[in-house]
Amino acid sequence: MKRYFNIYLQLLSVAILLLTACQSHPDIPSSSKETKNLPAIYPDYCNVTVPCNIAPLNFMLPASEFEECVARFTMPDGKQQTYGSGVKVQIPEDEWHDMLEASKGKSMKVEVWGKKDGNWLAYSSFEIRVAEEPIDDYVSYRLIDPTYVAWSYMEIAQRNVTNFEESQIFNNEITSNDRKIGQCINCHSYQNYKTDNMIFHVRLSNSGTVIVNDGKVSRVNLKRDYTISSGVYPSWHPTAKIIAFSTNQTRQAFHTSNPNKLEVYDLASDLILYDVTTDSVSVVSADPDLLEVYPTWSPDGKYLYYCKSVPLPEEMRDKDIRTTYKKVQYNMYRRSFDLATHKFGEEELVYDAASKDRSVTLPRISPDGRYILFAEGQYGCFHIRHRDGDIVCLPLEGKTLPLVKDSTAIDLTGLNSNGFADSYPTWSSNGRWIMCSSRRGDGNFSRLYFSYFKNGKVEKAFLLPQEDPEHNSFRLKCYNRPEFMVEPVKISVDEFSKVFDK
């Protein structure tokens with residue numbers, strides 16, 4: 001009896017494998033009606049350029065309109081493969097990476113058929129171009145609820161973008177000792193895309209800055225008698241054990257009818273420098289009348305870039321910022337830095353946004369030092385909450401003449417959304433990929449998008465691939481402050497938590 005049962009199990013396994021194979025590699029429809037439109041797939045991967053090592057670009061047709069979906073991929077060598085199960089196209093990782101390798105530096109052709117009301121429709125084909133340059137294997141981000149008044153559970157997570165593996169770096173429940181106050185975790189940052197030197201910040205309950213120095217974890221208090229607060233918005237020097245921060249007195253205001261819903265603003269903010277080796281804090285810039293925020297180092301470590309507010313009109317200077325916030329605008333500056341003495345040079349204007357009634361935040365310099373990315377909106381310093389927030393890319397004109405002109409701006413039509421907040425821009429370590437956080441689609445949830453960048457040209461942005469294309473529809477979290485990494489964080493959540501016991 002046992003023998004027959006084992007044979008039955010073997011036959012069942014074979015049947016399941018055959019059924020799975022049929023679902024994974026279905027036949028294309030024998031007859032269909034042609035349409036000249038591109039398929040309305042989600043995510044939209046039509047005519048995008050992707051890294052040669054990216055995870056499978058799984059997609060789907062709207063389940064409310066279609067019953068089935070079949071896609072055929074044709075490689076440059078003529079080989080073809082079909083996928084589809086229900087309305088979803090999900091490609092096995094090993095087969096996908098073989099397809100990427102076969103299409104590297106070229107394109108694969110994609111044809112999509114959708115079954116609607118019992119009839120098959122054949123859509124116009126599109127291409128997926130495969131760049132020769134890879135993307136960094138890992139990205140990290142904070143996952144947070146899109147609430148506007150309060151927050152609860154949040155985590156910092158890391159994702160291997162060559163597959164679908166996601167793991168947790170830290171969460172705000174494991175060390176919080178006061179549930180009424182809660183705990184906020186933010187501002188994760190790495191030195192030169194590597195994780196042996198990294199930081200993240202914990203606010204409110206059990207607060208402190210967690211620093212990993214050559215793989216060893218500690219928690220420090222960056223608040224000094226002469227600083228506004230502990231450090232936030234960090235940038236680790238590319239070669240030295242020093243970190244630039246801003247210190248901020250941050251507030252929030254909530255709108256009842258404004259589509260931006262929430263305003264995050266500073267009452268005061270300065271720049272500081274933290275020496276990891278000596279545990280010392282020095283002031284970089286502390287203008288008593290203006291706001292300084294978002295420091296970032298140039299790739300050679302010789303300049304510190306940052307954003308600084310311009311003076312308000314005289315008649316507004318004594319008024320409540322909740323009535324003047326739309327007039328708070330930031331320009332971009334930089335200071336030279338001497339690594340031997342830790343001394344900074346005089347302030348230089350890099351980009352005058354206020355002169356065109358705009359405000360700049362979150363500058364990032366490309367690894368080759370030739371371009372600068374930043375977020376820009378009409379006012380303020382927190383454009384991930386502003387629907388007019390866009391990413392801007394400008395070429396740097398040289399070390400002696402840093403002032404850049406918006407007339408030379410790179411066309412980022414392919415990266416920016418229309419009418420939704422785009423912010424947190426950053427470069428991959430090879431400078432070929434731009435990542436940003438965007439609220440495009442529904443206006444509420446910020447998700448990760450990537451664009452290919454080469455020779456001053458930016459390709460159409462594509463959404464971070466997921467194993468299930470419905471994942472982003474069901475995951476009710478925002479992706480906040482995304483960062484590229486060339487390796488994963490190796491320290492576990494439990495190991496991080498131990499520094500809060502000391």
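Quick caveat: nothing in here was measured; it's all calculated off a predicted structure.

Cut-off values and rules
Residues numbered from 1 in each chain as written. Predicted model: local features only at pLDDT ≥ 70, side-chain atom pairs only at ≥ 80, totals over all residues. Heavy atoms only, no water. Helix = DSSP H or I, 4+ residues; strand = E, 2+ residues; numbered from the N terminus. Rg over C-alpha atoms; globule rule 2.2 N^0.38 Å. Buried < 20%, exposed > 50% of the residue type's maximum accessible area, 1.4 Å probe, protein only. Contact = heavy atoms within 4.5 Å. Phe/Tyr/Trp six-rings, centres within 6.5 Å; stacked < 30°, edge-to-face > 60°. Lys NZ or Arg CZ within 6 Å of the ring centre and 35° of its normal. Core = buried A, V, L, I, M, F, W, Y, C linked by side-chain atoms within 4.5 Å. Pairing = 2+ DSSP bridges. Axes fitted to C-alpha atoms, helices over the stretch in contact; angles between N-to-C directions. Polar contact = N/O pair within 3.5 Å; in protein donor to acceptor, adjacent residues only side chain to side chain.

K.L.:
Describe in detail the overall build of the protein, supporting the description with residues and values.
P.N.:
Counting secondary structure elements, the protein contains five helices and 34 strands. Relative to the 2.2 N^0.38 estimate, which gives 23 Å for 502 residues, the radius of gyration of the protein is 25 Å and therefore close to what a compact globule would have. Principal axes of the C-alpha set define a box for the protein whose edges measure 80 × 60 × 50 Å. For the protein, the residues scored as buried account for 55% of the 502 residues in total. Looking at the protein alone, contacts between residues at least 24 apart form 58% of all its contacts between residues at least 6 apart.

K.L.:
Go over the packing of aromatic side chains, please, and point to the residues and values.
P.N.:
One pass over the structure, following the stated rule, counts 19 aromatic pairs. Ring geometry for F66 and Y123: centres 6.4 Å apart, planes at 65°, overall edge-to-face. Placement of the pair is F66 in the loop between β3 (59-60) and β4 (68-74) and Y123 in the loop between β8 (119-122) and β9 (126-130), with a sequence separation of 57 residues. On the basis of an interplanar angle of 35° and a centroid distance of 5.7 Å, the ring pair of F450 and F462 is categorised as tilted. Residue F450 is located in strand β31 (residues 447-454), and its partner F462 is located in strand β33 (residues 462-463); the two are separated by twelve residues in the primary sequence. On the accessibility criterion, F450 (0% relative accessible area) is buried. Ring-pair connections join several aromatic residues into one group, and the members of that group are F170, F200, F496 and F500. The ring of Y449 has R440 lying over it, and the distance from NZ or CZ to the ring centre is 4.2 Å.

K.L.:
Would you mind going over unusual backbone geometry in detail, with residue names and values included?
P.N.:
Peptide bonds are mostly trans, and most non-glycine residues show a negative phi. Look at the link from Y42 to P43: it is a cis peptide, with omega at -10°. Within the secondary structure, P43 is located in the loop between β1 (33-34) and β2 (48-50). The phi torsion at Y294 lies on the positive side, around 55°, for a residue other than glycine.

K.L.:
Please give an account of the nonpolar core that cites residues and values.
P.N.:
In this structure, V50, I54, F73, W96, M108 and I128 are the most contacted members of the largest nonpolar core, which totals 63 residues. If you tally residues by element for this core, the top one is β31, at five residues. By size, the runner-up hydrophobic cluster in this structure holds 34 residues, among which are L291, Y305, L394 and L396.

K.L.:
Describe the sheet that holds strand β15 (residues 208-213), with residues and values.
P.N.:
Reading across the sheet, the four strands line up as β13-β14-β15-β16 and stay open at both edges, with antiparallel pairing between neighbours. The open sheet has two free edges, formed respectively by β13 (183-191) and β16 (216-220), since each of these has just one partner strand. When strand polarity is set aside, the average angle formed by the axes of neighbouring strands in this sheet is 20°.

K.L.:
I'd love a proper account of the side chain of S417, names of residues and values included.
P.N.:
Position of S417 relative to the elements: it lies in the loop between β28 (390-395) and β29 (422-427). A polar contact is formed between the side chain of S417 and the backbone oxygen of F420, at a distance of 3.1 Å. Non-local contacts of S417, meaning those with residues more than four positions away in its chain, are made with D390, D422, S438 and R440.

K.L.:
Tell me about the pairing of strand β27 (residues 371-377), residues and numbers included.
P.N.:
Across a regular strand the side chains alternate sides, sitting on one face of the sheet and then on the other. With respect to burial, β27 is a largely interior element, seven of its seven residues being buried. Here β27 shows two buried faces, one formed by Y371, L373, A375 and G377 and the other by I372, F374 and E376. Pairing of strand β26 (residues 359-365) with β27, which is carried by five bridges, proceeds in the antiparallel orientation. Residue pairing in the sheet places T361 in a bridge with A375 of β27. Here β26 folds back onto β27, and the loop between the two strands holds five residues, one of which, G369, carries a positive phi near 75°. As judged from the six bridges shared by β27 and β28, these two strands associate in the antiparallel manner. What sits directly across from A375, in β28, is I391.

Any functional reading would require information beyond the geometric quantities listed.
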